[in-house]
Amino acid sequence: MNKLLPTLVVYLKLNLKIAVEYRSDFALGFVRHTLELVLAVVFLKVIYQNTQRLSGYNENELLFLYGTFFLAKSFVKIFCEHGLVRVSRLVREGKFDFVLVKPVDAQIVASFMGVDFRDLSKIFFGLYLMVYSLKALNLEVGLLTWLTFTFLIVLSTTIYYSLYLIVATFSFWLTETRSLESFFSELIELGKLPRSVWPAGARFFLTYFLPLVFLAAVPAEAILRQVSWPTVVGALLLSLFFLYFSRRFWLFGLRFYTSASS
Amino acid sequence: MKKYWVLFKVSLTRGLEYRLSNLLWVLVGILPAVFAATVWLSAFAGKTEIQGYNRAELTTYYFLSTLLWYFVGGEFSGRLSEWIRLGVLVRHLTKPLNPLFEVVFQEQAWKVNSFFLSLPVYFLVFGLLRTDLILAKLDFNLFLFLSAVFLSGLVFILLEIIIGLLSFWISNSSNLNALYWVIFSLLGGILVPLRFLPAVLTNLSWFLPFRYTFSLPLELYLRKLSGGEILFAFLVQTFWLVLLFILVKSLYKNGLRIYEAYGQ
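Residues numbered from 1 in each chain as written. Chains lettered and ligands numbered in written order. Predicted model: local features only at pLDDT ≥ 70, side-chain atom pairs only at ≥ 80, totals over all residues. Heavy atoms only, no water.

1. Brief notes about the overall build of chain B
Note the cut-off: In this description a helix means any DSSP run of H or I spanning at least four residues, a strand means any run of E spanning at least two, and both kinds are numbered starting from the N terminus. For this measure, only C-alpha atoms enter the radius of gyration; the expected value for a globule follows 2.2 Å times N^0.38, where N is the number of residues. Summary of the burial criterion: residues with accessible area below 20% of their type's maximum are buried, those above 50% are exposed, and those between are partly exposed, where the area comes from a 1.4 Å probe applied to protein chains only.
From N to C terminus, chain B includes 11 helices and two strands. In summary, chain B has a C-alpha radius of gyration of 19 Å against a globular reference of 18 Å for 264 residues, a match within 12%. The dimensions of chain B, computed from C-alpha atoms along their principal axes, are 65 × 40 × 35 Å. Evaluated residue by residue, chain B yields a buried proportion of 54% over its 264 residues.

Quick look at the structure:
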């Protein structure tokens with residue numbers, strides 16, 4: 001664990017150099033990522049042209065939820081997603097050996113080897129949406145509420161990372177995981193809707209089995225509504241469980257790596 | 001044409017190797033529609049109609065839009081772009097086949113595979129939503145719808161080929177592709193029915209090619225267009241078909257002239 005920070009710094013520098021080398025691609029990528037976020041907000045705007053409330057949420061409240069979702073996703077998107085996506089290719093080509101021989105835990109290398117700065121747009125855009133909507137809502141938020149919100153965002157990031165690690169671990173058995181990753185990415189998008197939008201069965205599933213409601217809906221509720229302490233404790237327990245399970249699953253998957261074709 | 005039919009059959013067989021992966025792609029296609037439909041159905045609380053669409057029409061719109069993917073949509077540009085970028089195109093140029101047709105037939109085979117694989121999923125969704133879905137009637141409108149599906153498929157392929165061909169000039173076109181997809185989702189009727197957009201965008205969409213991919217067949221199916229609008233739509237669609245075809249030919253010819261096939 002004490003190698004986590006130096007490893008992260010090394011990969012940050014390396015990927016920053018790559019980003020600077022292909023400047024036009026970086027700029028275009030940044031615009032692209034921002035436009036994708038704008039498209040999501042356009043969808044929301046169109047919805048609210050036709051209704052006042054969506055499952056009890058007004059437009060600004062849902063904008064805040066969207067902002068929270070983009071912010072919560074952004075940390076894993078920037079630091080881990082591209083590295084974890086690369087695991088599949090490395091395994092297929094037998095190049096995962098290069099990850100294993102490094103004097104750092106393979107999970108740390110795999111998680112941080114592909115830092116992508118283009119996803120910084122998600123942080124900026126997420127924060128912008130949050131500030132904009134809070135102003136429009138004219139909400140006064142106390143320090144304790146902000147602390148709870150920040151804590152829930154940390155837990156949400158942990159859950160998101162753990163889920164992504166589980167998906168990446170399937171690379172040790174499946175030759176083609178692009179479809180699984182895309183499926184997961186689309187599934188995650190369901191996390192930007194309020195809990196109340198889902199029928200009871202779906203809500204139960206999205207809370208306890210695939211805890212997407214903890215990605216943004218629960219943290220946003222800490223600001224917009226009220227979150228009970230049992231919910232916070234539940235989020236903590238769930239995130240710890242998923243972190244532990246994903247780690248065990250990763251180690252289990254590693255046993256099946258056969259270094260094909262190298 | 002026989003050689004392309006053989007290519008189609010080979011690609012069809014290859015597609016069967018990745019059944020799980022194909023099934024997941026089917027679900028990838030359905031999820032955004034589930035998302036949109038969930039939101040819209042929530043928005044319907046206490047309403048009978050939104051922008052001229054009732055609940056059944058809107059549900060049918062999103063259900064049919066995912067199904068139409070197998071007839072109109074596809075992923076042509078990515079494959080072509082990769083061939084050009086990695087220099088693989090050279091290998092295809094030496095074959096007695098047009099690489100552009102190769103891309104099209106390979107993708108069509110993949111779509112046929114995925115379509116049959118998706119049927120159980122669609123039957124399940126159909127079963128769940130059957131009271132909210134509008135079934136087609138056997139009349140002239142159905143003929144118009146099927147004609148629009150065929151022509152829209154061609155427009156879609158040509159647009160995708162153009163994006164793919166741009167890789168002759170832009171080494172990494174994935175960002176460009178994603179930018180195109182953002183515009184396409186908005187103006188092609190994937191995100192929301194075009195009538196839901198601000199008037200300026202709705203009006204603009206009549207003159208751009210994107211409407212003539214997904215939106216036109218869906219609007220025809222749901223009988224949302226008047227006689228004059230249908231005629232105008234088919235005329236503009238034909239205009240775009242011709243223009244895009246000329247553009248594809250020109251881009252391919254000029255692209256091959258400057259092609260250096262890196263790494264081959």
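Structure's up, so let's keep going.
2. Some remarks on the overall build of chain A
Keep this limit in mind: Note on definitions: a residue-residue contact is assigned when non-hydrogen atoms from the two residues lie within 4.5 Å. Computed with a 1.4 Å probe, the accessible areas rest on the Shrake-Rupley method; for each residue, only the protein chains presented here act as cover. Within this scheme the basic residues Lys and Arg register as positive and the acidic residues Asp and Glu register as negative, but His and the chain ends are omitted. Charge positions come from single atoms, namely NZ of Lys, CZ of Arg, CG of Asp or CD of Glu.
Helix and strand counts for chain A come out as 11 helices and zero strands. Over its C-alpha trace chain A gives a radius of gyration of 19 Å, about what one expects of a compact globule, namely 18 Å for 262 residues. Contacts spanning at least 24 positions in sequence make up 82% of the contacts within chain A whose residues lie at least 6 apart. Of the roughly 12300 Å² of accessible surface on chain A, a fraction of 67% belongs to carbon and sulfur atoms. Placing the 25 positive and 17 negative side-chain charges of chain A at their respective mean positions leaves the two points 4 Å apart.

3. Remarks on the pattern of salt bridges
All names here are of chain A. The following threshold applies: Here a salt bridge means any side-chain nitrogen of Lys or Arg lying within 4 Å of a carboxyl oxygen belonging to Asp or Glu.
One pass over the full model with this rule turns up 15 salt bridges over all chains. Asp-105 is paired through a salt bridge with Arg-247; the nearest N and O atoms lie 2.8 Å apart. Linking Asp-105 in the loop between helix 4 (97-100) and helix 5 (106-112) with Arg-247 in helix 11 (residues 229-254), this pair joins segments that are 142 residues apart in sequence. Judged by relative accessible area, which is 31%, Asp-105 ranks as partly exposed. Residue Lys-192 pairs with Glu-189 through a salt bridge whose shortest N-O separation is 2.6 Å. Owing to a relative accessible area of 19%, Glu-189 belongs among the buried residues under this scheme. One network of salt bridges, with partners in common, ties together Arg-53, Glu-61 and Arg-225.

4. Notes on the nonpolar core
Put simply, the rule reads: To qualify as a nonpolar core, a set must consist of buried Ala, Val, Leu, Ile, Met, Phe, Trp, Tyr and Cys residues joined through side-chain atoms within 4.5 Å.
In terms of nonpolar packing, the biggest core is built from 174 residues, with Phe43(A), Phe96(A), Trp40(B) and Leu165(B) touching the most fellow members. Here this core takes 16 residues from helix 3 (residues 59-92) of chain A, the largest share from any one element. Residues contacting Phe43(A), with those up to four places away along its chain left out, are Tyr66(A), Phe35(B), Ala36(B), Val39(B), Trp40(B), Tyr62(B), Leu191(B) and Val192(B). Counting six residues, the second largest nonpolar core, distinct from the first, contains Tyr4(B), Leu7(B), Phe8(B) and Ala109(B).

5. What to know about helix 1 (residues 2-15) of chain B
Residues and elements named next belong to chain B. Definition in use: Expected helix span is computed as 1.5 Å times (number of residues minus one). The directions from the helix axis to the C-beta atoms are what the arc is built from.
Taking 1.5 Å as the rise per residue, helix 1 with 14 residues should run 20 Å; its terminal C-alpha atoms sit 20 Å apart, in good agreement. What helix 1 keeps buried is the set Tyr-4, Leu-7, Phe-8, Ser-11 and Gly-15. An end-on view of helix 1 places all buried positions within 100° of arc, on one side of the element. Residues of helix 1 that are exposed and point over 90 degrees away from its buried face: Lys-2 and Thr-13. Each element contacted by the buried residues of helix 1 is listed here: helix 2 (19-43) and helix 6 (99-129).

6. Points about the side chain of Glu57(B)
Residue and element names in this part refer to chain B. Just so we agree on the cut-off: Contacts described as polar in this section are N or O atom pairs within 3.5 Å, which, within protein, must combine one atom able to donate a hydrogen with one able to accept it, while residues neighboring in sequence count only if both atoms come from side chains.
Position of Glu-57 relative to the elements: it lies in helix 3 (residues 55-68). Within polar-contact distance, the side chain of Glu-57 engages the side chain of Lys-224 at 2.9 Å. If sequence neighbours within four positions are ignored, Glu-57 has contacts with Gly-52, Ile-134, Leu-222 and Lys-224.

7. A short note on the environment of Ala110(A)
Residues and elements named next belong to chain A. Note that Ala-110 resides in helix 5. For Ala-110, a relative accessible area of 0% translates into the label buried. Sequence-wise, Ala-110 and Leu-100 are 10 residues apart; in three dimensions their C-alpha atoms are separated by 9.4 Å. Discounting chain neighbours no more than four positions away, the residues touching Ala-110 are Cys-80, Gly-83, Leu-84, Val-87, Val-99 and Trp-250.

8. Considering the side chain of Thr158(A)
Residue and element names in this part refer to chain A. One can find Thr-158 in helix 7 (residues 143-169). In terms of polar contacts, Thr-158 uses its side chain to reach the backbone carbonyl oxygen of Val-154, at 2.7 Å. Dropping the residues within four chain positions of it, Thr-158 is found in contact with Ser-239 and Leu-243.

9. A short note on unusual backbone geometry
Even without being glycine, Asn138(A) reaches a positive phi, approximately 55°. Within the secondary structure layout, Asn138(A) lies in the loop between helix 6 (120-137) and helix 7. Positive phi, close to 50°, is recorded for Gln51(B), a residue that is not glycine. Mapped onto the secondary structure, Gln51(B) falls in the loop between strand 1 (49-50) and strand 2 (53-54). Judged by its relative accessible area of 33%, Gln51(B) is partly exposed.

10. Points about the packing of helix 3 of chain B against helix 6 of chain B
All names here are of chain B. Using the following cut-off: In this analysis, axes come from line fits to C-alpha atoms, helices being fitted only over the stretch in contact, and the angle between any two N-to-C directions falls in the range 0 to 180 degrees. Every angle not falling under 35 degrees, over 145, or within 65 to 115 is termed oblique; those three ranges are roughly parallel, roughly antiparallel and roughly perpendicular. Note on residue categories: nonpolar means Ala, Val, Leu, Ile, Met, Phe, Trp, Tyr, Cys or Pro, charged means Asp, Glu, Lys or Arg, and polar means any other residue, Gly included.
In the contact formed by helix 3 and helix 6, the axes pass within 11 Å of each other and the chain directions differ by 170°. The orientation of helix 3 with respect to helix 6, classified from their angle, is roughly antiparallel. When helix 3 is examined against helix 6, the residues Thr-59, Phe-63, Thr-66 and Leu-67 are found in contact with a partner set consisting of Phe-115, Tyr-122, Val-125, Phe-126 and Leu-129. The residue makeup of the contact of helix 3 with helix 6, split by class, is seven nonpolar, two polar and no charged.

11. So, the interface of chain B and chain A
Many analyses report the size of an interface as the accessible area lost when the parts associate. Basically, it comes down to this: Once two parts are joined, some of their accessible surface, as seen by a 1.4 Å probe, is lost; buried area is that loss totalled over both.
Each side of the interface is counted separately: chain B has 33 residues, and chain A has 35 residues. Summing both partners gives a buried area of about 3000 Å² for chain B against chain A, and 76% of it is carried by carbon and sulfur. When residues of chain B are sorted by the area they lose upon contact with chain A, Leu31(B), Phe35(B) and Asn175(B) head the list and together hold 21% of the total. Across the chain B-chain A interface, the total number found is zero salt bridges. At the surface where chain B touches chain A, the tally comes to three residue pairs in polar contact (both at pLDDT 80 or more).

The analysis is restricted to geometry; functional conclusions fall outside its scope.
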